[in-house]
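Fold and geometry: a report
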Amino acid sequence: MKEKIVITGIGLTAPNGDSLSEFRNNLINKRVLFQFIELRYIGKVIAGVCHYNPLKYQNKKELRAGTRAGSISIYCAREALNDAKIDISSVSRDRIGVYVGITEHGNVETENEIANIKEFNYDVRFWNHYHNPRTVANNPAGEVTVNLGITGPHYCIGGACAAGNLGIIQGVQQLMLGEVDYAIAGGVSESIHTFGIFASFKSQNALATNEDPNKASRPFDINRNGIVVSEGGALYLLERLGSAKKRGAKIYAEIAGWATNSDGTSYVLPNPDRQAECMAKAILNAGITPDNIDILNTHATATKAGDIQECQAIRKVFQKNFPYINNTKGFIGHAMGAAGALELAGNIPSFEDGIIHPCHNIETLDPKCELTNLLQKEKLYKNPEEIKYILNNSFGMLGINSTLIIKRFED
Amino acid sequence: MTREQISQAIKDIINEILPEGDCSSIDPEGKLRDQLELDSMDFLDIVMEIRKRYGVEIPEADYPKLATLNSCIDYLEPKLASK
């Protein structure tokens, strides 16, 4: 029997909250905070900007040398450790692993350097010597280890917009293999600082526009017109159940099952058959049936193809008995590499408070997104004891799919 | 630039690179690295800023000449005389 892995700490930053309690309250009470930002070349765009205090855990020198993704990772990792009540100085630092999911990394830094040398007629003598440590693919996870003096393994998992789930899965697997005793795992994104991401979505006709930035991200709404890109992060402190019990730690949830697979069909377009397979495999991996799932967070980016095809996949898996279904991007936009991990966090408190948060910005539901038990506008109150399993979808480009299932912890 | 202006320019650069540092009581004859906890990457930042702001290229072989504030001024004075 595989050893149970549990969540004992959560650190996060989202456009509408810098802690789990703030984030959760804003999902329950429908508070969003999007804004217009200016980026080079593309100009004014709508984005989700985080408002955590970077100086809480870093000095100005560290911030100057590092990246935004690194800073977000450090904030989330420190918050997760604090939440788990782990004193870093009292544990073996070589037994902590850091596994951070990223959609992409290095675009921001490369664009900035090119803009910098443009000021000097493209003379590469002015190219910054921090460019390489800023752009290596392990940067966000590596910055965490430098900040905390962690000497165990660290790396990032490049998984497009499925990366948040993948980071958690990686942490779980490393704990199960006995490679580490604690895993700091999840996903982060700094993507709002690169014009290229916005420009590419725009060229694809997939970048949301709206006079009111708070109404731009509207998954499943008939009038949605694309993605609102956000920055953010969510990192979890994961450990084996035996370790958590020995410490007397608060246990948020148990990792029940997961799956990741590939469409194998398109660079961009999703494949509902493979998404359905991914969900079904995760449910099988958890040793349960679709009937057991109580809450399902959809990936739901607010693109027509993405939303509709995911709904098709859900209908295929659940057929008769549907879980309560919500999505999170109406509240926080698409936090890219952080999306899966952040959206999972938004639903975890349901195990305690019994509230299931709704979707946001659905004024007129796209008929093709009709799903039984979809919480379009209003939150739902349930007996917390009745909520046992939460399923979290996170999908990405090149047809990468991930489904993570967590379970109410019952001793 | 005068020696005083060069001294201030170097302090300005260091203050930007080490925002938590304090150049006000620096011993001009003491090694900068010892007084300000400058690491080799910070040192490269100083070289880069001098290049950007004053167009002065400092070859690696000359880095030892920038060990103290006064030696920096001695080194840069002829190069910045016309600036």
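None of the values given here were measured: they were computed from a predicted structure. Sequence positions are assigned chain by chain, starting from 1 and proceeding in written order. Think of it this way: whatever chain is written first is A, whatever ligand is written first is 1, and the rest follow in order. This being a predicted model, a pLDDT of at least 70 is required before a residue's local features are given, and a value of 80 or more before pairs of side-chain atoms are given or counted; all residues contribute to the totals for chains, interfaces and linings.

Residue and element names in this part refer to chain A. Packing of helix 3 (residues 68-83) against helix 6 (residues 139-148) leaves a shortest axis separation of 8 Å and a crossing angle of 55°. On the basis of their axis angle, the class for helix 3 and helix 6 is oblique. Of the two elements, helix 3 crosses helix 6, and the hand of that crossing is right-handed. The segment helix 3 lies against helix 6, with Ala-69, Gly-70, Ser-73, Ile-74 and Ala-77 engaging Asn-139, Pro-140, Ala-141, Glu-143, Val-144, Asn-147 and Leu-148. Whenever a helix is involved, its axis is fitted only over the stretch in contact; in every case the axis is a line through C-alpha atoms, and angles between N-to-C directions fall within 0 to 180 degrees. Numbering of helices and strands starts at the N terminus; helices are DSSP runs of H or I of at least 4 residues and strands are runs of E of at least 2. For classification, angles of less than 35 degrees are called roughly parallel, those exceeding 145 degrees roughly antiparallel, those between 65 and 115 degrees roughly perpendicular, and all remaining angles oblique. Should the near helix be turned counterclockwise from the far one by less than a right angle, the crossing is left-handed, whereas a clockwise turn marks it as right-handed. Placing C-beta atoms from the backbone, we regard two residues as in contact once those atoms come within 7 Å.

Bringing the pairing of strand 9 (residues 253-262) of chain A into the picture now. Successive residues of a regular strand alternate their side chains across the two faces of the sheet. Residues and elements named next belong to chain A. With two bridges connecting them, strand 1 (residues 5-13) and strand 9 associate as antiparallel partners. Residue pairing for strand 9: Ile-7 is matched across the bridge by Ala-253. By definition, two strands form a pair when at least two bridges between them are found by DSSP. Relative to strand 15 (residues 400-407), strand 9 runs antiparallel, the two being bridged by eight bridges. For Trp-258, the partnering residue across the bridge sits in strand 15 and is Leu-404.

Further remarks concern unusual backbone geometry. Residue and element names in this part refer to chain A. Positioned with a positive phi, Lys-85 is a non-glycine residue whose angle comes to about 60°. Under the C-beta neighbour-count criterion, Lys-85 is labelled partly exposed, with 13 such atoms within 10 Å. The phi torsion at Asn-361 lies on the positive side, around 75°, for a residue other than glycine. Tracing the chain through its elements places Asn-361 in the loop between strand 12 (355-356) and strand 13 (380-381). In this scheme every C-beta is placed from the backbone, and a residue whose C-beta has 20 or more other C-beta atoms within 10 Å is buried, one with 12 or fewer is exposed, and one in between is partly exposed.

Residue and element names in this part refer to chain A. Segmenting chain A into domains produces domain 1 (5-247) and domain 2 (261-407). Computed over C-alpha atoms, the centres of domain 1 and domain 2 are 21 Å apart. Across the boundary between the two partners, domain 1 contributes 54 residues, which contact 45 residues of domain 2. For the side of domain 1 that touches domain 2, the secondary structure elements donating two or more residues are strand 1, helix 1 (20-28), strand 4 (96-102), helix 7 (163-176), strand 6 (182-189), strand 7 (229-230) and strand 8 (232-240). Tallying contributions element by element places helix 7 first for the side of domain 1 that touches domain 2, with seven residues. Those domain boundaries reflect an automatic or database domain assignment.

Residues and elements named next belong to chain A. Within the open sheet, the three strands sit side by side as 2-3-7. Their pairing is mixed. With partners counted over all chains shown, the strands left at the sheet margins are strand 2 (35-39) and strand 7, one partner each. Of the pairings in the sheet, the one linking strand 2 to strand 3 (residues 43-48) comprises five bridges and is antiparallel in character. Bridging across to strand 3, Ile-37 finds its partner in Val-45.

For this entry, the nonpolar core is defined as buried Ala, Val, Leu, Ile, Met, Phe, Trp, Tyr and Cys residues connected by C-beta atoms within 7 Å. One finds A:Ala80, A:Ile184, A:Ala282, A:Leu342, A:Ala345 and A:Ile405 to be the most contacted residues of the largest nonpolar core, which totals 120 residues. Tallying contributions element by element places helix 3 of chain A first for this core, with eight residues. Taken domain by domain, the makeup of this core includes at least three residues from each of domain 1 (5-247) and domain 2 (261-407) of chain A. Setting aside residues no more than four positions away along its own chain, A:Ala80 makes contact with A:Gly9, A:Ile10, A:Gly11, A:Ile184, A:Leu235, A:Tyr236 and A:Leu237. Core analysis: the next-biggest nonpolar cluster, separate from the first, contains 16 residues, B:Ile10, B:Leu18, B:Val47 and B:Leu66 among them.

On to the interface of chain B and chain A, then. Taken together, the contact pairs seven residues of chain B with seven residues of chain A. When residue character is reported, Ala, Val, Leu, Ile, Met, Phe, Trp, Tyr, Cys and Pro are called nonpolar, Asp, Glu, Lys and Arg charged, and the others, Gly included, polar. For the side of chain B that touches chain A, the residue count by class is four nonpolar, no polar and three charged.

Residues and elements named next belong to chain A. Strand order in this open sheet of ten strands is 5-4-6-8-1-9-15-14-10-11, and the pairing throughout is mixed. Among the strands making up the open sheet, the edge pair consists of strand 5 (154-158) and strand 11 (324-327). Strand-to-strand twist across the sheet, computed as the mean angle between neighbouring axes with direction ignored, equals 25°. Running at roughly 130° to strand 1, helix 3 makes contact with strand 1, strand 4, strand 6 and strand 8 of the sheet. Here helix 10 (residues 272-285) sits on the sheet in contact with strand 9, strand 14 (389-396) and strand 15, set at roughly 145° to strand 9.

Right, let's get into helix 7 of chain A. Every α-helix carries 3.6 residues per turn, so stepping three or four residues along brings you back to the same face. Residues and elements named next belong to chain A. With 14 residues, helix 7 ought to run about 20 Å at 1.5 Å a step, and its terminal C-alpha atoms sit 20 Å apart, in line with that. Burial of helix 7 is extensive: eleven of the 14 residues sit out of reach of the surface. Taken from the residues just after helix 7, Gly-178 is the one with a positive phi, measuring 80°. Here a helix's expected span is defined as the number of its residues, less one, multiplied by 1.5 Å.

With that out of the way, let us pick up the confidence of the model for chain B. Scored from 0 to 100, pLDDT reflects the predictor's confidence in each residue. The predicted model of chain B averages 92 in pLDDT, with 100% of residues at 70 or higher. Per-element confidence in chain B ranges from a low mean pLDDT of 90 for helix 2 (residues 32-36) of chain B to a high of 95 for helix 4 (residues 69-80) of chain B.

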